[in-house]
Every structure is written in C-alpha cells, then in structure tokens.
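Residue-level structural notes
Here is what each chain is made of, one letter per residue.
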Amino acid sequence: MKKPLRLFPEAMKNLTKKAATSKYPFEKAKTYPGFRARIVFESEKCIGCKMCMRVCPAGAIEIVLSAEQPAPQTAADGSQIPQKKKFDCIMNLDRCIYCAQCVDICPKKALASSPDFELAQFDRKKLKLHYT
Amino acid sequence: MSKMQIPLGPQHPALKEPENFMLVLDGEQIVDATVNLGYNHRGIEKAAENRNYIQDIYLIERVCGICSHSHVSCYIGAVEEIAKVEVPAIAKALRTIVAELERIHSHLLWLGVAAFELGYDTLFMYTWRDREQVLDCLELLSGNRVHYGMNTIGGVRRDITKEQVDEISKKIKYLKERTSYYVNVVTEEPTFLARTQNVGKLPKDVALELNAVGPTARASGVDIDVRRDEPYFIYDQLDWKVITYHTCDVFGRAVVRVLETIESYKMIEQILKAIPEGPISVKVPWKIPAGEAVFRYEAPRGEDIHYVKSNGTEYPERVKVRAPTLSNFQSLPYCLKQGYLADAVITIAAIDPCMSCTDRAVVYDINKGERKTFDQEELRKYSIEFYKKKGISFK
C-alpha cells in the first residue's frame, strides 16, 4: 500500500530540534569507560617477562632494560642485595592498533589503557614514545 | 544501436571498496555484466600463518570493519573446536549480544547507504542518526565503536555490569520504536517502492544455483540461516524466526534486512533478561593441538566460513576465509542483466557488498571511440534525473 510523504512529518518534527552531531573538536568527544586508546606503562611494576611483546599483533611494543639500573643495597652483614631490574617500554604508536591485548596479558598490571586518543602527529618520529 | 562497454569501478561512488564491474550496454539496458575481483587483496591469510593464535584474533578482526565480530567469532569458533574448549555460558551470551548488535548496526548502515544511492537523503540521515545509538551500545559494552575486540580464545574479554544492561535495554527500546517506523517507510513510501520494486531480480532457483547467501538469498525465498540450521552460541535457546520474502528484488532485500533488525532486538532483549553468571573465559594453552575445523557463522551479509588447520604449534598452518560477499558476487551479474544503467548502483548496493569507495566511472563507446567521464555527483544526478523523467518525484 503506497502512502506518499512518509518521512515528511518526521522531517517537520526535526526542524526545531538541535543538531544530532557533536561539535568535536570544539567540544570534547565522549568516551565510555573501558575505551582503548594510548597505552600507559608503569616501570616499577614491570618484571620484564615480555609477554606483551609476544602477543602484540602489530609488533608495536618493546620492553628493554633501562640504561640506569638501581644500585644494589647493602645488607646488615655487608652482603649485596640485588634490586629488581628496571625496564623501559618503547611504544610505537604508528604501529599500535589499540587492541589492548598487552593490557590483558600483563601479569603485573604494568600496562593500562588511557582514554587519550588525540594522537595525530605531523612528524612520525614523535609517535615513538619512550616510557621510563 | 551500438553496444557500449562501461567499467564500473574499481574507483566508483557506489562501491565502498575497489572492485570492477564491466557492464555491456545496449542503449540504457545492461545486456551483460562481469565481476572482476582482486583489487583489495591484502594477504591476510598468509599473514595469519606468521602470527600466533592470539595475534591472529586482531588480524582477522580487521578483515572487515563492519562485520569484525563475525569474522573473529568464526575464526575463534574453529580454533576452539580444534582445542576442544568448552566456552562458559556467559561468554556465549555476550558474544551473541555483540553479534546481534553488529547485525543491527550493519543493517541500519545498509538502509542508509541504499537510501543515499536512491537519492533519498532524508531517510539516509535519519537511519544514520539512529545507528549512533547501537554504536554507543557497542562502545559501552566493548570499549570501542568499530573493532570491538570483545572475543578471545576461550571466552570474552569484558564482563557486563547491571548499569550496562539497563543502558543497553533503554537504547534498544528506542531503536525498536524507530525501526518499526522505518519498516513502514520502506514498505509504503512510493519513492522507495518505485526505485526498488522489480529491480535486480533474482528468482529462487537462480539464487540457489548461484549460491546466494544471507539476506540476498532470503529475499528470493530461500529459507537458509546458519543461526537456525547449525546453531552456535546460544541461538538455539532463543525465540526468533528466520525472515524470508518472496519478491526476489531489491525491495525484498530491504524488507528482509529491516525485519531482521526487529528480530535482533527481540533476541537481545531475551538475553539481557537472563544473563548467566560465572567466569567470562577459560584458559586455553598457547599451543593448539594438531587438527582442522570449519566454522559457519551467519554474518550480517550472509554465511561466513572460516577454515583453520593447526599443526600443534602456536602458529596456525592455514587460515582460510570465505566472506559472504564472495558468494553473493556469483549472482550479481544475473541481477544486473536486463536492468537499466541507472539501477546498476542500487543493484550492486543491494547485496551489501563489502568492498570499497570509488569516485568515477568512464563510459566508453567502442564503435565511436568516445569517452565520457561520470564522477560521483554526476552519476547520482543522472540516476535521479532518469527516474524524474519517468514521473517519480523526489520531493
């Protein structure tokens, strides 16, 4: 059965309504909790198991020994107690696909997703982040 | 009248990804059509062999942007079958919710695209505005709008909270109301009917012979749906029906898609009422035992098939993807034949091809050696003008 102008009343109703689109970038875009964007790294928690490197589908993450290692502490009897090794994380944002599988696999929760998604750069070198 | 050959694509407005259709015209009428594939080859199957099973989840997810959950569920289903993993009930329920939300998002997207190709921009804008609600549901549930990353081998990655259930139920209620309205628009609006009825005809016997799948086949009266024929996840526990239609044309494909969306709302509501409890995933070893499996999955566009062969290491030996569009392409030349050039765009769009975006077509008269270039706007205007001359108003 044909009924002409089916969308006409709908169009009229929307004439006075506010635009459905958001005003990004003038207004901040809304993200939900659990949004996966730039990965952040906490060096104190990292144990250097490199599981994140093993699961990363894009090969974007690299865990390396820090240049400066904490000095071993001296115990009461004079023996040296070795400290936990310190690791750095090199994050290639130009390769990262933001799947956050590294966050899921990390046994010590050293990696986490942040809601920071505005990562575009003119210079590709700036996309290589070195977390210490 | 001399016959003309027109290449439609690989760069063309109607196609969302590069693909080439050679159309042979006799005046306005298409007398022959050929589909040429291969412009979008990315080597994903080969790349999958060099990555481990976990890495492959995200690689396979990127086979397609719209049905990313479909492909990854299909791949994971095959891997779980080889590894003989029993997935927890809650993971199955959550996978079903995401799968149905994805179907809604894909069908609403299609309705918008089809309306746009017809020159019916009002419908396009309203469907896409409402589609944002379902994308919000997906973002709420999984974290991201397009590549949800919800699946992992042995379960899902994120649990669902009470607040999320309430929020999704609210949005589904709104969408249900809106989609019921679109059902009326699609079935009653004269502009839509005039441009879709008796266009791109595909009779039932031809659909069966040429292996059409999904809404394309169901609109020709072929009663197939993997969700019912070979149930996976929790489809066998839900109350829903397979939508088929008998008109065998573009109109039928539109009706099947909007009615399927309504069925998806019904399914999601049923699952949200009784979400099972328990752990969301089980641990699966890195090395998958040797074996092979085929998994069939009803993606929004039709039946998706993945074949995985394992050799006992942490890397698959072979992953084969058969996307539904490849199957539907077989029937496309038949649909295009005997139709008009102005209908070619909507006929191609009606199978919801998963390819890419184009910007112009060249009309080449072989006998006279004349060339004419159409860009996106021109071809769209041409199709609208063509129908205006036939007395169809776009006001």
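For the structure itself, look to the data block above.
Residues numbered from 1 in each chain as written. Chains lettered and ligands numbered in written order. Predicted model: local features only at pLDDT ≥ 70, side-chain atom pairs only at ≥ 80, totals over all residues. Heavy atoms only, no water.

Residues and elements named next belong to chain B. In this sheet, strand E8 (residues 302-310) lies alongside strand E7 (residues 291-299) in antiparallel orientation, the contact comprising nine bridges. Bridge pairing links Phe-295 to His-306 in E8. What sits between the antiparallel neighbours E7 and E8 is a turn of two residues. (Pairing = 2+ DSSP bridges. Helix = DSSP H or I, 4+ residues; strand = E, 2+ residues; numbered from the N terminus.)

Scanning the model with the defined rule gives 36 salt bridges over all chains in all. Taking the shortest distance from any N to any O, the salt bridge between A:Arg38 and A:Asp116 comes out at 2.8 Å. Placement of A:Arg38 in the loop between helix H1 (8-13) and strand E1 (39-41) and of A:Asp116 in the loop between strand E6 (111-113) and strand E7 (128-131) is noted, with a sequence separation of 78 residues between them. Across the pair B:Glu263 and B:Lys266 runs a salt bridge whose closest N-O atoms are separated by 3.3 Å. Here B:Glu263 pairs with B:Lys266, and both are found in helix H11 (residues 250-273), just three residues apart, close to one helical turn. On the accessibility criterion, B:Glu263 (5% relative accessible area) is buried. A network of salt bridges, in which partner residues are shared, links B:Glu100, B:Arg103, B:Arg218, B:Asp225, B:Arg227, B:Glu260 and B:Glu298. (Salt bridge = Lys/Arg side-chain N within 4 Å of Asp/Glu carboxyl O. Buried < 20%, exposed > 50% of the residue type's maximum accessible area, 1.4 Å probe, protein only.)

Turning our attention to the sheet that holds E7(B). All names here are of chain B. Read from one edge to the other, the open sheet built from three strands follows the order E7-E8-E9, with strand pairing classed as antiparallel. Among the strands making up the open sheet, the edge pair consists of E7 and strand E9 (316-322). Strand-to-strand twist in this sheet, taken as the mean axis angle between neighbours without regard to direction, amounts to 15 degrees. Pairing of E8 with E9 involves six bridges; the strand directions are antiparallel. Opposite Lys-309, over in E9, you have Arg-318 as the bridge partner. Sheet contacts for helix H3 (residues 68-83): E7, E8 and E9; angle to E7, the most-contacted strand, approximately 150 degrees. (Axes fitted to C-alpha atoms, helices over the stretch in contact; angles between N-to-C directions. Contact = heavy atoms within 4.5 Å.)

The subject of this paragraph is the nonpolar core. Residue and element names in this part refer to chain B. Residues Tyr-75, Leu-101, Ile-104, Leu-141, Tyr-235 and Tyr-297 are the most contacted members of the largest nonpolar core, which totals 68 residues. Considering every element that reaches this core, the biggest residue donor is helix H4 (residues 89-117), with ten residues. Here this core spans two domains, since at least three of its residues come from each of domain 2 (42-85 + 284-322) and domain 3 (86-281). Those residues in contact with Tyr-297 that lie beyond four places of it in its chain are His-69, Ser-70, Ser-73, Cys-74, Ala-99, Val-226, Tyr-232, Phe-233, Gly-302, Glu-303 and Asp-304. (Core = buried A, V, L, I, M, F, W, Y, C linked by side-chain atoms within 4.5 Å. Domains from an automatic or database assignment.)

A separate point is the sheet that holds strand E5 (residues 87-92) of chain A. Residues and elements named next belong to chain A. Pairing in this open sheet of three strands is antiparallel, and the strands run E2-E5-E7 from one edge to the other. Bordering the open sheet on either side are strand E2 (61-65) and E7, each of which pairs with just one other strand. Here the strands of the sheet are splayed against their neighbours by 20 degrees on average, with no regard to which way each runs. Alignment of E2 against E5, held across five bridges, turns out to be antiparallel. Within E5, the residue paired with Glu-62 across the bridge is Ile-90.

A word on a nonpolar patch on the surface. On the surface, A:Leu5, A:Phe8, A:Met12 and A:Leu15 cluster together into a nonpolar patch covering about 420 Å² of accessible area. Considering the arrangement of structural elements, one finds A:Phe8 in helix H1. (Patch = residues over 30% accessible without salt bridge, like charges linked within 9 Å, V, L, I, M, F, W, Y side chains within 5 Å. Areas by Shrake-Rupley, 256 points an atom, 1.4 Å probe, with all protein chains shown as cover.)

This part takes up the environment of A:Thr74. All names here are of chain A. Structurally, Thr-74 can be placed in strand E3 (residues 73-74). The class for Thr-74 is exposed, based on a relative accessible area of 54%. Sequence separation between Thr-74 and Phe-8 is 66 residues, and the spatial gap between their C-alpha atoms is 82 Å. Apart from residues no more than four positions distant in its own chain, Thr-74 is found in contact with Ser-79 and Gln-80.

Estimated volume of the largest pocket: approximately 1000 Å³. Along the walls of the largest pocket sit 33 residues, with A:Ala20, A:Thr21, A:Ser22, B:Glu132 and B:Arg145 positioned nearest its centre. Among the elements that line the lining of the largest pocket, the one with the most residues is helix H5 (residues 121-142) of chain B, at nine residues. By residue class, the composition of the lining of the largest pocket is 13 nonpolar, six polar and 14 charged. Quantified by volume, the second largest pocket comes out at close to 690 Å³. Considered class by class, the residues forming the lining of the second largest pocket number eleven nonpolar, six polar and seven charged. Taken domain by domain, the lining of the second largest pocket gets at least three of its residues from each of domain 1 (3-40 + 328-389) and domain 2 (42-85 + 284-322) of chain B. (1 Å grid on protein atoms, 1.4 Å probe; cavity = no way out; pocket = protein on both sides within 12 Å on 5 of 7 lines; lining within 4 Å. Points joined across faces, edges and corners; volume = space filled by probe spheres on them. Nonpolar A, V, L, I, M, F, W, Y, C, P; charged D, E, K, R; others polar.)

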